[in-house]
Amino acid sequence: MDILPESNDEYGTKQYWNQRYAQESNSASFDWFKSYSEIADILQNLIPDKHSKILMLGCGNSKLSQDMYDDGYSNIVNTDYSTIVIEKMKERHEESRPEMEWHEMDVRDLKFDDNSFDVAIDKGTMDAMMTVKGDIWNPPQQVVDDCTKEVNEVIRTLRKGTGVFIYLTFGQPHFRKRYLTVPGTTLETRELGEAFHYYLYILRT
């Protein structure tokens, strides 16, 4: 199997990711969009307390968690719906970064209690759920349901009044705000990059 899927909608399937992670070496890593070094100043500003309990949504084999851990954020809980990548990442980090947690879990159905986390981070996970074929201006109901479920689950698990959901994507505001505009929360949007723009959405509970 090639690393790249035959069509973009495969990015939204568990089968594709399990096959990809099974094929890749145990030391392989891939980061969507920006690396931690490129956004460290922003994250440090948004998460000033390095003891904050952080939920990583769809961690994959990204280096974001390990780089944040090495920068002092030791209370990180990683989730992904691929059993294969969770086992690989757990094995990779259990000695060098023993405080990090790894859980096989779907972002649309988180198994954590309400008010459990200070921060949640999504760097490309919601985007993968949007690769289902259809009109980007009028997305299929599956996309609407999946993205709404993720955002609702994140808000549920964040601490009320102080929780922060950080979402990094290439998706422009008119395609993303519909999922992130939720009563009782506030939303800030930042544009990053020069030649190619990324967007940082900051939802506060």
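Located above this text is the structure these notes cover.
Residues numbered from 1 in each chain as written. Predicted model: local features only at pLDDT ≥ 70, side-chain atom pairs only at ≥ 80, totals over all residues. Heavy atoms only, no water.

## Looking at the pairing of strand 2 (residues 76–80)
- Within strand 2, five of the five residues are buried, which leaves the element mostly enclosed by the surrounding structure.
- Every second residue of strand 2 is oriented toward a common face, with Ile 76, Asn 78 and Asp 80 on one face and Val 77 and Thr 79 on the other, all of them buried.
- Taken together, the four bridges between strand 1 (residues 54–57) and strand 2 define a ladder with parallel strand orientation. Across the sheet, Leu 57 pairs through a bridge with Thr 79, a residue of strand 2. (Buried < 20%, exposed > 50% of the residue type's maximum accessible area, 1.4 Å probe, protein only. Helix = DSSP H or I, 4+ residues; strand = E, 2+ residues; numbered from the N terminus. Pairing = 2+ DSSP bridges.)

## A word on unusual backbone geometry
- Phi at Asn 115 is positive, roughly 55 degrees, even though this residue is not glycine.
- Relative to the helices and strands, Asn 115 resides in the loop between strand 3 (101–104) and strand 4 (119–123).
- Judged by relative accessible area, which is 35%, Asn 115 ranks as partly exposed.

## Details of the sheet that holds strand 5 (residues 164–169)
- Overall, mixed pairing links the seven strands, which are arranged 3-2-1-4-5-7-6 in an open sheet. Both outer strands of the open sheet, strand 3 and strand 6 (186–192), are each paired with one neighbouring strand and no more. Taking each pair of neighbouring strands and ignoring which way they run, the sheet shows an average axis angle of 20 degrees.
- Bridge count for strand 2 against strand 3 is four bridges, and the pairing is parallel. (Axes fitted to C-alpha atoms, helices over the stretch in contact; angles between N-to-C directions.)

## Things to note about the packing of aromatic side chains
- Applying the stated criterion across every chain yields a total of three aromatic pairs.
- Judged by centre distance (5.0 Å) and plane angle (80 degrees), the ring pair of Phe 112 and Phe 117 falls under edge-to-face.
- For Phe 117, a relative accessible area of 1% corresponds to the buried category.
- Through pairs of rings, three or more aromatic residues link up here, namely Phe 165, Tyr 167 and Tyr 201.
- In this structure, Lys 53 is placed above the aromatic ring of Phe 117, and the distance from its NZ or CZ to the ring centre is 5.1 Å.
- Directly above the aromatic system of Phe 170 lies the positively charged group of Arg 176, at a separation of 5.9 Å from the ring centroid. (Phe/Tyr/Trp six-rings, centres within 6.5 Å; stacked < 30°, edge-to-face > 60°. Lys NZ or Arg CZ within 6 Å of the ring centre and 35° of its normal.)

## With respect to the pattern of salt bridges
- Counted by the stated rule, this structure contains twelve salt bridges.
- Two residues, Arg 97 and Asp 70, come together in a salt bridge whose shortest N-O distance is 2.9 Å. Of the two residues, Arg 97 sits in the loop between helix 4 (83–93) and strand 3 while Asp 70 sits in helix 3 (residues 64–70), which places them 27 residues apart along the sequence.
- Put simply, Asp 146 and Arg 108 hold a salt bridge, and the shortest N to O gap is 3.3 Å. Of the two residues, Asp 146 is situated in helix 6 (residues 141–157) and Arg 108 in the loop between strand 3 and strand 4; the sequence distance between them amounts to 38 residues.
- What makes Arg 108 partly exposed here is its relative accessible area of 25%.
- A single salt-bridge network, built from bridges that share partners, covers Asp 106, Arg 108 and Asp 146. (Salt bridge = Lys/Arg side-chain N within 4 Å of Asp/Glu carboxyl O.)

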